[in-house]
2 protein chains.
Amino acid sequence: MTPDDGSFRTAFDRVAAWIEDYYRSPGRYPVLSRSRPGELIAALPGEAPEEGEPFERIFADFERLIVPGITHWNHPRFFAYFAISAAQVTVLAEALAAALDVNAMLWRTSPAATELEDVTLGWLRRMLGLPDAFHGIVYDTASIGGFTALAAARESLGLDIRARGMAGRSDLPALRVYITEHTHSHIEKGAIALGIGRENVVTVAVDDAFAMRPEALARAIDDDRAAGFRPMCAVATVGTTSTTSTDPVAAMRELTRERGVWLHVDAAYGGPAAVLPEFRWLLDGAHEADSIVINPHKWLFVPVDLSVLYVRDPELLRRTFSLASDVLVTYESGVHNYMDYGLQLGRRFRALKLWFALRTFGISGIQARLRNHIALAQELAGWIDAEPGWNVVAPHPLSVVCFRYEPLSTASGQAQPQDGAGDDALNLAIMDAVNATGEVFLSSTRLRDRLVLRIAIGNERTTREDVRLAWDLLRREAAARRSPAVV
Amino acid sequence: MTPDDGSFRTAFDRVAAWIEDYYRSPGRYPVLSRSRPGELIAALPGEAPEEGEPFERIFADFERLIVPGITHWNHPRFFAYFAISAAQVTVLAEALAAALDVNAMLWRTSPAATELEDVTLGWLRRMLGLPDAFHGIVYDTASIGGFTALAAARESLGLDIRARGMAGRSDLPALRVYITEHTHSHIEKGAIALGIGRENVVTVAVDDAFAMRPEALARAIDDDRAAGFRPMCAVATVGTTSTTSTDPVAAMRELTRERGVWLHVDAAYGGPAAVLPEFRWLLDGAHEADSIVINPHKWLFVPVDLSVLYVRDPELLRRTFSLASDVLVTYESGVHNYMDYGLQLGRRFRALKLWFALRTFGISGIQARLRNHIALAQELAGWIDAEPGWNVVAPHPLSVVCFRYEPLSTASGQAQPQDGAGDDALNLAIMDAVNATGEVFLSSTRLRDRLVLRIAIGNERTTREDVRLAWDLLRREAAARRSPAVV
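As a starting point, this report considers the structure included with it. (Residues numbered from 1 in each chain as written. Chains lettered and ligands numbered in written order. Predicted model: local features only at pLDDT ≥ 70, side-chain atom pairs only at ≥ 80, totals over all residues.)

Turning our attention to the relation of the copies chain B and chain A. The transformation that overlays chain B on chain A combines an axial shift of 0.0 Å with a rotation of 180 degrees, and the residual RMSD is 0.0 Å. Each copy turns onto its partner about a two-fold axis. When the interface residues of chain B are mapped onto chain A, 100% of them again lie at the interface, so the same face is used by both copies. (Least-squares fit on C-alpha atoms with pLDDT ≥ 70 in both. Contact = placed C-beta atoms within 7 Å.)

Here the focus is the pairing of strand 9 (residues 400-405) of chain A. All names here are of chain A. The element strand 9 is largely enclosed, with a buried count of 6 among its 6 residues. Two strands pair when backbone bridges link them, and strand 8 (residues 390-392) and strand 9 are joined in this way by 3 bridges, in the antiparallel orientation. Pairing of Trp390 across the sheet is with Tyr405, part of strand 9. Where strand 9 meets strand 11 (residues 450-456), 4 bridges bridge the pair, whose relative direction is antiparallel. Note on strand 11: the bridge partner recorded for Phe403 is Leu453. (Buried ≥ 20, exposed ≤ 12 C-beta atoms within 10 Å, placed from the backbone. Helix = DSSP H or I, 4+ residues; strand = E, 2+ residues; numbered from the N terminus. Pairing = 2+ DSSP bridges.)

Turning our eyes to something else, we now look at the pairing of strand 1 (residues 135-139) of chain B. Regular strands have side chains that alternate between both faces of the sheet. Residue and element names in this part refer to chain B. Across the 5 residues of strand 1, 4 count as buried, placing the element largely inside the fold. Across 5 bridges, strand 1 lies against strand 7 (residues 307-311) in antiparallel orientation. Paired with Tyr139 across the strands is Ser307, a residue of strand 7.

Bringing the nonpolar core into the picture now. Counting 339 residues, the largest nonpolar core has Phe79(A), Val177(A), Phe79(B) and Val177(B) as the members making the most contacts within it. Apart from residues no more than four positions distant in its own chain, Val177(A) is found in contact with Leu150(A), Ile187(A), Ala191(A), Ile196(A), Asn200(A), Val201(A), Val202(A), Met232(A), Cys233(A) and Val235(A). (Core = buried A, V, L, I, M, F, W, Y, C linked by C-beta atoms within 7 Å.)

This paragraph deals with the sheet that holds strand 11 of chain A. Residue and element names in this part refer to chain A. Judged by pairing direction, the sheet is antiparallel, and its 4 strands sit side by side in the order 8-9-11-10 without closing on themselves. Looking at which strands have only one partner, the edges of the open sheet turn out to be strand 8 and strand 10 (443-447). Across the sheet, the mean angle separating the axes of adjacent strands is 40 degrees when strand polarity is ignored. Together, strand 8, strand 9 and strand 11 form the strand contacts of helix 13 (residues 351-386), whose direction differs from that of strand 9 by roughly 15 degrees. (Axes fitted to C-alpha atoms, helices over the stretch in contact; angles between N-to-C directions.)

With that out of the way, let us pick up the sheet that holds strand 9 (residues 400-405) of chain B. Residue and element names in this part refer to chain B. One open sheet accounts for 4 strands, arranged 8-9-11-10; its pairing is antiparallel. Here the strands that pair on one side only, and so sit at the sheet edges, are strand 8 (390-392) and strand 10 (443-447). For this sheet, the mean angle separating the axes of adjacent strands, direction not counted, is 40 degrees. Across 5 bridges, strand 10 lies against strand 11 (residues 450-456) in antiparallel orientation.

Another point: the interface of chain B and chain A. At the junction of the two partners, chain B supplies 130 residues and chain A supplies 130 residues. Here the element with the most residues in the side of chain B that touches chain A is helix 1 (residues 7-24) of chain B; it accounts for 12 residues.

This is the structure in structure tokens:
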């Protein structure tokens, strides 16, 4: 395949036509793949081909074998986890990035990649109303951004851990991280990786709205310090994964500042909503945080992967991670060599797709899409609230609704513990039946030890009719199971 | 931009035409971007646009502002760091992956993404002659793969670090990692992150060919154990960054096994050469290692990012990183949920481009390209060796040649220390002048405390004429500086 005989362009046109057609109606496929475990493995040869194969054969296999094994995140009725979608133009940005094949490890290895990162993250910072004191860096995932923030928090303690490590030292107290049961698991993973240890990740109590109780955080920190631990970092979430609850960031900032504890804000999902003036409050206390993670690949219309970490002190990141290397010696002063600001040396040119997305939609276009998603979620919550036997079980300020079918509790008037367990099995059966239709895909979570269904809206193709269809299917499957005997 | 009015396809065609034209002659651009620090930042607005912009305007800015800020990794005379290039078909794979926008965190979130990863990494394992006992997982970079291997090594110690952490424990010895001065810096970064500490990364002596001395490793481990340290992991490199030297993996395996120390093999660059029967020996001892990193985005013709970690015990990785999550609860048994095998929850569908590349080139096509790169490097080394005043300064078994212009040392017959320093400045001046032409881009390293020039060949478009041009430019710039006064 070369440009010279036209074969590259022919193949490219074939792919462009496929993607155009796909975008015309991704809803034609079952949302959740119906592939069985091992099916693709069995369908493919066990060895790479000895001789090269023509594009037509590879692409035919893509259509025949890969597409049926795809769970369609682009389907307008993908309501699981956090629903996402990307501006179509970002596919072109990703193709260009792959064609240029830049490794943006150093400024000089493509100045435009580093500087476009600075420009687009400056745009985003202002869109979110964050102060210019924050410096943004692109990582692949919130997992890495959160890990990096924890690493910086550890370095900020001045305990010489970079040089001396943590093991075999009698002078080091155990370091403590504060979360809630609703904090995303990547924080705990990061704490494990950094040698903090799971037992030193302290779960602070939440209130009725699933938000951290600040007085409980203050007490946990003070108790820990009295017990000889070193409180290192508190994590506030803006838009938790289960319910999109938001921790009291401002109160957490005040009490962590008084106590010399790093405040990290995980706004991976919720942060983008601060683009809306009516949701600017979401980041209120975050303005004063030490670090903030925002995921454009969640709710700002770029494809995975692109996560942003904003920090007040980028030099601290550099001190945490930078190492001299004889091959990678640099010459320019006053530039950022972003390989020095994190674990990863290799860095794709990710800012390109963010630039394409922000310019294509504009701030007003992004606002319109976010408002639409939030409005759809509010309407769904209204339908659920109005339906006998169904209950919305958590506040739903953004685009996620948690709810539950509770005919037993409702029927008995006074809920009994065993009713809850019965309803768990019933809700699971309803969800599995609904997902098995291929028409929608939703996921569940647990709240107050009960299984809860969850619909997340975030795809720009999702319409009122799509949400309505999900709701109709849920009620249909519930009706089919109305007699407890059916459970 | 939508598929319905044809605007998406029009934009896609514009991008396809640009990429086709780019691939026709990436050599038309200066290799190293001539952009000045801050130039792109100054050229772009400080705020995102309020209203969306048409594609034509965005793409015009891409051509006008971004392309001049690109250092062209695709240029046939990019000889810096490790030169790389991707099969053109992989651009189509990346476009498809972006269009599908799959997060391959769980098997069910796209079974094909997880299973194609298993299939292609099985193909690669057999191409490299590695035993089936190895299980491969795709990560973004070798930095993450190496970090993950070190994390698994730490977990394998049975010291309960996952739960209890490393700080504030009187029962933990300092953990030690063994490298050489030529080991890639990501290992040291990983050790910093994991709380091992830089001081516990022990630099073992190398021989005249820049390979670790196994007896020095044995002594370092034994001395450490006697001193109360806990030897954790030794890192063997197959193809170091500076010179492509290879550590004695088999000897290292034998002595680390006897001593209960994890052996990690960083074959990020050198590993792919084992696809050639005549270089199968490169991975000889690696067959017995605990973990191996191979970078298809270096020398196996896929674009960044795609790095592979092979481990003998994937269950250990899962034990290191997996955490239950209520939203991400899974149902299928006997499948891999790869979010449980590393730090990152979010995972792009990276296997698709590897599948496209391996099938398009076939094993024989990959072998032909690697052999060509190696032959070009050998020919270059011959030219340098034959030229008075120039010296090849390291073995060059693969596609990288390290060399130096040493007129002072050569002229005086007996090299003096101050001659070396003078030659350092001279070689740096020659490199900067050559790079400033825009015709080639090469980088330097340091060997035995001397600055050394380095040409890495890895782009599939690189011809004998390209290498010749680089050599001609080097000699021209050296001749222009022949009088020491010019330095």
